[in-house]
Amino acid sequence: MAMAGGEAEYMLASSGEDSSALDGEPEHGEGSSKRNQMRGSPLDTLHVAVQRASIGPVYTVSDAIETIGIGTTQYLLMIAVSLSALSQGMDVTFLTILPSQAGCDFNLTPWHRALLTTMYFVGCTAGAFLFGWIGDRFGRKLGVMAAISIAAYTSILMLFVYSYAWLVVLRFVAGVGLGGFSLRNAWIFEVLPNAYRVRAACIVLFFWTTGTSIEAPLFMIPSVNWKNAMAISFSPLFCLNHYHDLCARITPSTVGTWL
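These numbers were taken from a predicted model, which means no experiment stands behind them.

**Things to note about the overall build of the protein**
Scanning the protein for helices and strands turns up 14 helices and zero strands. Seen in sequence order, the protein has helices and strands lined up from the N terminus as α-α-α-α-α-α-α-α-α-α-α-α-α-α. Buried residues in the protein amount to 40% of all 259 residues. Here the analysis covers contacts within the protein between residues at least 6 apart in sequence; of these, 79% occur between residues at least 24 apart. Of the accessible surface of the protein, which amounts to about 14,400 Å², a share of 67% is contributed by carbon and sulfur atoms.

Quick look at the structure:
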């Protein structure tokens, strides 16, 4: 008992903490004498030492992920991220073909065709900043799912476009959504142990490359125009709209907020 009290007294003296200040006692006069008496009380100093010792070791989120390992949530997340990479890869190839296809439908000049591509990349830049902030402020899942929803539903609207001006606006909005897809890399890497992150990156890049490879042959089919190809490009994104419900069923609410 004496050793514990002495140790706690040393801890209080070295840290400069004043136990009487916690109780609302004044720092001078009569309160100062009471403070010295309390500091010398073995029971009081032992109580402080026990409170500090009860906190125990502190683990970070990364430590917890390394300890828990990989499970169903991470596998579902890999599927979601891979499908988004597949859709983005298809859209990259679609981007190179859209100006010529839409140029024939709307009788566009080379300047107007180039504007389609320019507005898309302007939207991607804006989306990267916007959804990066959303991911840091409200969680990665919310940022990625919002970006997916914007890109998916914008593609539906483009199916009914019969004006060049609306096509430019919607391509900009789609670019904003696709710009937020860069957040998926932080999303997947933050919830995987270190041993799985390189493999996850290879899988995501494989699906992205696959998407760029299968889009161009679609235009070799005579019955496929740019609207059909665009619908096919964004079709994987609609599968991801149900990811939130599926993830919420298998993960705790506090974890599901961020995963």
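**Concerning the packing of helix α8 (residues 140-158) against helix α9 (residues 164-179)**
Where α8 meets α9, the closest approach of the two axes is 7 Å, and the angle between their N-to-C directions is 160°. In terms of axis orientation, α8 runs roughly antiparallel to α9. Handedness of the crossing formed by α8 with α9: left-handed. Seen from α8, the contacting residues are Ala147, Ile150, Ala151, Thr154, Leu157 and Met158; seen from α9, they are Leu167, Leu170, Arg171, Val173, Ala174, Gly177 and Leu178.

**Digging into the nonpolar core**
With 45 residues, the main nonpolar core has Phe94, Leu116, Leu167, Phe181, Ile188 and Leu237 as its most contacted residues. Those elements giving two or more residues to this core turn out to be α6 (72-106), α7 (110-138), α8, α9, α10 (183-190), α11 (194-215) and α12 (226-239). Ranked by residues supplied to this core, first place goes to α6 with nine residues.

**A few points about the packing of aromatic side chains**
Applying the stated criterion to the full structure yields three aromatic pairs. Seen in terms of ring centroids, tyrosine 120 and phenylalanine 121 are 5.3 Å apart; in terms of plane orientation they differ by 75°. Their pairing is edge-to-face. Over the ring of tyrosine 162 we find lysine 227; its NZ or CZ atom is 4.1 Å from the centre of that ring.

**Details of a nonpolar patch on the surface**
A surface patch of nonpolar side chains, amounting to about 410 Å² of accessible area, comprises Leu130, Trp133, Phe138 and Leu142. Broken down by element, the nonpolar patch gets its largest block of residues, three residues, from α7. Taking the relative accessible area as the measure of exposure, phenylalanine 138 reaches 38% and is therefore partly exposed.

**A closer look at the pattern of salt bridges**
Opposite charge on two side chains lets them pair, provided their charged atoms get close. A full pass over the atoms with the stated rule returns three salt bridges. Between aspartate 136 and arginine 140 there is a salt bridge, with the nearest N and O atoms lying 2.6 Å from each other. Overall, the relative accessible area of 56% leaves aspartate 136 in the exposed class. Note that arginine 140 is salt-bridged to glutamate 190, the shortest N-O span being 2.7 Å. A residue pair is termed long-range when its members are at least 10 positions apart, and arginine 140 in helix α8 and glutamate 190 in helix α10 qualify at 50 residues. A residue is classified by how much of its surface remains accessible, and glutamate 190, at 37% relative accessible area, is partly exposed.

Definitions and cut-offs
Residues numbered from 1 in each chain as written. Predicted model: local features only at pLDDT ≥ 70, side-chain atom pairs only at ≥ 80, totals over all residues. Heavy atoms only, no water. Helix = DSSP H or I, 4+ residues; strand = E, 2+ residues; numbered from the N terminus. Buried < 20%, exposed > 50% of the residue type's maximum accessible area, 1.4 Å probe, protein only. Contact = heavy atoms within 4.5 Å. Areas by Shrake-Rupley, 256 points an atom, 1.4 Å probe, with all protein chains shown as cover. Axes fitted to C-alpha atoms, helices over the stretch in contact; angles between N-to-C directions. Parallel < 35°, antiparallel > 145°, perpendicular 65-115°, else oblique. Left-handed = near helix turned anticlockwise from the far one by under 90°. Core = buried A, V, L, I, M, F, W, Y, C linked by side-chain atoms within 4.5 Å. Phe/Tyr/Trp six-rings, centres within 6.5 Å; stacked < 30°, edge-to-face > 60°. Lys NZ or Arg CZ within 6 Å of the ring centre and 35° of its normal. Patch = residues over 30% accessible without salt bridge, like charges linked within 9 Å, V, L, I, M, F, W, Y side chains within 5 Å. Salt bridge = Lys/Arg side-chain N within 4 Å of Asp/Glu carboxyl O.

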